[in-house]
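# Fold and contact review
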Amino acid sequence: MDFNSGSGGGSDLHNNRQYQSEESKPLLGEMSALGPADGNKMGAVPCRRALLHSNGMRYKLLQEGDIQVCVVKHPRTFFSKILSSKFLRRWEPHHLTLTDNSLTSATPTGYMEAAISYSTIEDVQLLSWENAPKYCLQLTFPAGTVLLQAANSYLRDQWFHSLQWKKKIYKYKKVLSSPSRWEVVLKEIRTLVDMALSSPLQDDSIHQAPLEIVSKLLSENINLTTQEHENIIMAVAPLLENNHPPPDLCEFFCKHCRERPRSMVVIEVFTPVVQRILKHNMDFGKCPRLRLFTQEYILALNELNAGMDVVKTFIQSMHGPTGQCPHPRVLPNLVAVCLAAIYSCYEEFINRPSRDNSPSLKEIRNGCQPQCERKPNLPLRLMRANPDLVSQEVATPAEARIKSVIVNSSEIHVELERNNANAEKLKGPAGSESEPNLIDCLLVSPTCSTLAIQLNAQADRVLACYVEILKMLSDYDDWRPALASLLQPIPFPKEALAHEKFTKELKYVIQRFAEDPRQEVHSCLLSVRAGKDGWFQLYSPGGVACDDDGELFASMVHILMGSCYKTKKFLLSLAENKLGPCMLLALRGNQTMVEILCLMLEYNIIENNDTQLQIISTLESTEVGKKMYEQLCDRQRELKELQRKGGPTRLTLPSKSTDADLARLLSSGSFGNLENLSLAFTNVTSACAEQLIKLPSLKQLNLWSTQFGDAGLRLLSEHLTSLQVLNLCETPVTDAGLLALSSMKSLCSLNMNSTKLSADTYEDLKAKLPNLKEVDVRYTEAW
């Protein structure tokens, strides 16, 4: 169907010129009603009605539908006569589709053999005349007219508004695709926005289409001035009140937040947009740029003079003035934004190896072992192991670190005492290739324990801002249960858990969970499943995040014991995984831990007699412990019988214990039978030698990775002459103290790995200690 050829209605050149002039017209006045000029254009047609106003009616935007079609080719001056002559008799039914650029038929025959491009339509009007079919639309072309007849007035009006909308959007796309002067472009954008706001069509695409046009315009023209940025944002602001910005527009908004965080546009325009996103967004995974925009907006607020006070005011506005937030999506959306921002702070660090050739945290996570500059970092053990323990020789440093080295005096070999829970986490099931727990790697690996995470200045500011937001969220009582549930699986990157600043700041949130009396809150401190660490393990003594000697751990145990977790199963879990920290805190007078130890004895959780005796000695070292233990003994007389049998033969002091803790423990009861004492990984110094020399039966002493020095070594050599096994691995002893060991003739096993031993001193000790059978001098000058 060729609308450019008519019967005497002007030449093709004339029609093309008319089309070009139509396309080049500015669109600023297109939303106004038809004026006198429009009426004269087609001649005086008495039956023509003025542009229909919606009168409050709302219509769904049509994409397709059935309608009657009639085409008349005519000179313009005779059209009014044709309409009044009852000439129109033949109508064709068609199923028309309104595409982005044309009007097409599902059956391209007859009048609709060819699609009608919106660019060729000069005008769309409503028509009606006497003694003729009703509910008609007139589509005017340079050389003819297309009449569309609907079934009723509502359907006719729906077609009318939909066609007008499609035609105008098509023109705007064309005009704004090649901008020349930005002041003109800005006027066109404002007119486009006004058109969308005043349209009687009620459809999501009515507001989204202008936003997408502006979004495409901005993505293709990135070299805009700051003022042009702000003018465009202000122009599209009315459309953003009830619509999410499209992805490219989000990028534009993010750029503005980064470059001009103090602009008033951020407060006046972006605030309602972000509020709507947080209230109504259902899945940031489908629109990640909305999350990025929200993240940049909050960072822009933090750049204002009031800083976090402005952010706090924004969080308060999102929660609302009442005690219950009326918008259920606000909290999960805020948490999602915080998690994404915190993860971005550590993205660069994950793949970056440290400068001293130690592995990156990603390599550690994947099981990579640290390498020594001089020689392979072999497992720390005595040189000649028992043949039964061959499989343990290939243990990783991470595995070796969580085990206490205990030497059997009869066979003089190394026995590796496992911590059941941690060993299972690191080993996994047989044949499993699951990654090791990074929390344990950071805890036990010498390389990782000294690894310092330093973020750049920008990442540090982002981290501080979003951790502070998490702290704000934890202050709301109605949000705390959901927040605890969202954070229970520890969703933060493992690199963040190795960052002291992060865990120290996040401690406030965990403390709020531990103080909440509701079970649905404090139960989230525990891990989601067995074998996976939770906040309870992370902030316990010996955990990566513990920096308070177990105060938070005690609070968590107290609240958990006060609820339904006061069960034998929970006590058994503490006995298997956290007995050392419990005993250390009880030794320092913590009442909750004293109660825990008493319950372990009362419920017969501990089966080993030596461990039971050590717990009894711990309880009797403090007034509160002694009182509770006496009450327990009144209920269970057999505990007194156990104590009368004498002290334990083996004793392991909890990690991070001090000289004072050791003195308090040894003064609480009888340790005359003690033969094996492990102080490995504690904070004891040479001062504890005053207590050690009071143990006459001591034969095996483990001082691995302590601060025990030369002064203490000389005192031991004078009094503990029957000592057979001594582990000084990773202690600060030197030749001055090691030479004193020549008087300990009973020594048959000596570990001086990673000490300041010289070759001459080593030769002297071998000559003066005839019973010495096992010796470890690796990583010393004597090696």
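Below is a summary of the structure that appears in this document. (Residues numbered from 1 in each chain as written. Predicted model: local features only at pLDDT ≥ 70, side-chain atom pairs only at ≥ 80, totals over all residues. Heavy atoms only, no water.)

### Some points on the environment of Y629
Our working rule: Helix and strand definitions here come from DSSP, where helices need a minimum of 4 consecutive H or I residues and strands a minimum of 2 consecutive E residues; each element is numbered from the N-terminal end. We call a residue buried when its accessible area falls under 20% of the maximum for its residue type, exposed when it is over 50%, and partly exposed in between, using a 1.4 Å probe and counting protein chains only.
By the secondary structure assignment, Y629 is in helix 29 (residues 623-635). Overall, the relative accessible area of 2% leaves Y629 in the buried class. Linking Y629 and E602, residues 27 residues apart in sequence, is a C-alpha distance of 9.9 Å.

### What to know about the pattern of salt bridges
Put simply, the rule is: Salt bridge criterion: a side-chain nitrogen from Lys or Arg within 4 Å of a carboxyl oxygen from Asp or Glu.
Within this structure, the stated rule accounts for 23 salt bridges. A salt bridge links E230 to R260; its shortest N-O distance comes to 2.5 Å. Separated by 30 residues along the polypeptide, E230 in helix 7 (residues 226-240) and R260 in the loop between helix 8 (247-259) and helix 9 (264-280) bring together distant segments of the chain. Looking at E230, the relative accessible area reads 14%, which means it is buried. Between E505 and K471 there is a salt bridge, with its nearest N and O atoms 3.1 Å apart. With E505 in helix 21 (residues 500-515) and K471 in helix 18 (residues 457-474), this residue pair connects regions lying 34 residues apart in the sequence. Using a relative accessible area of 32% as the deciding quantity, one classes E505 as partly exposed. Classification of K471 by relative accessible area gives buried; the value is 13%. Salt bridges sharing common partners tie together D477, R480, D516 and R518.

### Thoughts on helix 33 (residues 710-719)
Counting along an α-helix, one turn takes 3.6 residues, and residues three or four places apart therefore face a common direction. Under the convention used in this document: Working rule for contacts: check all heavy atoms of both residues, and any pair within 4.5 Å makes them a contact.
For helix 33, every residue scored as buried is listed here: D710, G712, L713, L715, L716 and S717. For helix 33, the elements touching its buried residues are helix 32 (689-692), strand 12 (700-702), strand 13 (725-727) and helix 34 (735-738).

### Comments concerning the pairing of strand 3 (residues 102-105)
Put simply, the rule reads: Should DSSP find at least two bridges between two strands, the strands are taken to pair.
Judged from the three bridges that link them, strand 2 (residues 92-98) and strand 3 form a sheet pairing that is antiparallel. Its bridge partner lying in strand 3, T97 is registered against T104. In the sheet, strand 3 pairs with strand 4 (residues 116-117) via two bridges, with the strands oriented antiparallel. Of the residues in strand 4, the one forming a bridge with S102 is S117.

### Considerations on the side chain of Q125
Our working rule: Contacts described as polar in this section are N or O atom pairs within 3.5 Å, which, within protein, must combine one atom able to donate a hydrogen with one able to accept it, while residues neighboring in sequence count only if both atoms come from side chains.
Mapping Q125 onto the fold places it in strand 5 (residues 123-127). The exposure class assigned to Q125 is buried, which follows from its relative accessible area of 4%. Here D123 takes part through its side chain, which lies 2.3 Å from a polar atom of the side chain of Q125.

### Here we look at the sheet that holds strand 2
The condition that has to hold: An axis is simply a line fitted to the C-alpha atoms; with a helix, the fit covers only the stretch in contact. Between two such axes, the angle follows the N-to-C directions and lies from 0 to 180 degrees.
Strand order across the open sheet formed by seven strands is 4-3-2-1-7-6-5, with antiparallel pairing between neighbours. Taken across any chain shown, the strands that pair with only one partner, and hence form the sheet edges, are strand 4 and strand 5. Where strand 1 (residues 64-73) lies against strand 7 (residues 144-149), six bridges are found, and the strand directions are antiparallel. Within strand 7, the residue paired with V71 across the bridge is V146. In the packing of helix 4 (residues 153-176) onto the sheet, the strands contacted are strand 1, strand 2, strand 3, strand 4, strand 5, strand 6 (136-141) and strand 7, and the crossing angle to strand 5 comes to about 170 degrees.

### Examining the environment of S317
Here S317 is to be found in helix 11 (residues 308-319). Distance in space between the C-alpha atoms of S317 and Q275 is 8.8 Å, their sequence separation being 42 residues.

### With respect to the nonpolar core
Nonpolar side chains in soluble globular proteins tend to be buried together. Counted only if it meets this: Residues grouped as a nonpolar core are buried Ala, Val, Leu, Ile, Met, Phe, Trp, Tyr and Cys residues, joined through side-chain atoms within 4.5 Å.
Counting 139 residues, the largest nonpolar core has Y466 and W535 as its most contacted members. Looking at this core element by element, the count peaks at 11 residues for helix 12 (residues 330-350). Residues in contact with Y466, not counting those within four places in the same chain, are T294, Q295, E296, I298, L299, V337, C338, A341 and I342.

### Overview of unusual backbone geometry
The phi torsion at K656 lies on the positive side, around 70 degrees, for a residue other than glycine. Tracing the backbone shows K656 in the loop between strand 10 (650-652) and helix 31 (659-666). Looking at K656, the relative accessible area reads 31%, which means it is partly exposed. Notably, E730 is not glycine yet its phi reads approximately 60 degrees, a positive angle. Position of E730 relative to the elements: it lies in the loop between strand 13 and helix 34. Note on E730: relative accessible area 26%, which makes it partly exposed.

### A look at the packing of helix 21 against helix 24 (residues 551-561)
Definition in use: Roughly parallel means an angle under 35 degrees; roughly antiparallel, over 145; roughly perpendicular, 65 to 115; everything else is oblique. Helix crossings get a hand from a simple test, with the near helix turned counterclockwise from the far one by less than a right angle marking a left-handed crossing and a clockwise turn marking a right-handed one. Note that Gly is not counted as nonpolar here; it falls among the polar residues with everything else outside the nonpolar set of Ala, Val, Leu, Ile, Met, Phe, Trp, Tyr, Cys and Pro and the charged set of Asp, Glu, Lys and Arg.
Running from N to C, helix 21 and helix 24 point in directions that differ by 25 degrees, and their axes come no closer than 9 Å. In terms of orientation, helix 21 lies roughly parallel with respect to helix 24. With respect to the hand of their crossing, helix 21 and helix 24 are arranged in left-handed fashion. Of the residues in helix 24, those touching helix 21 at K507, I510, Q511 and A514 are L552, S555, M556 and I559. The residue makeup of the contact of helix 21 with helix 24, split by class, is five nonpolar, two polar and one charged.

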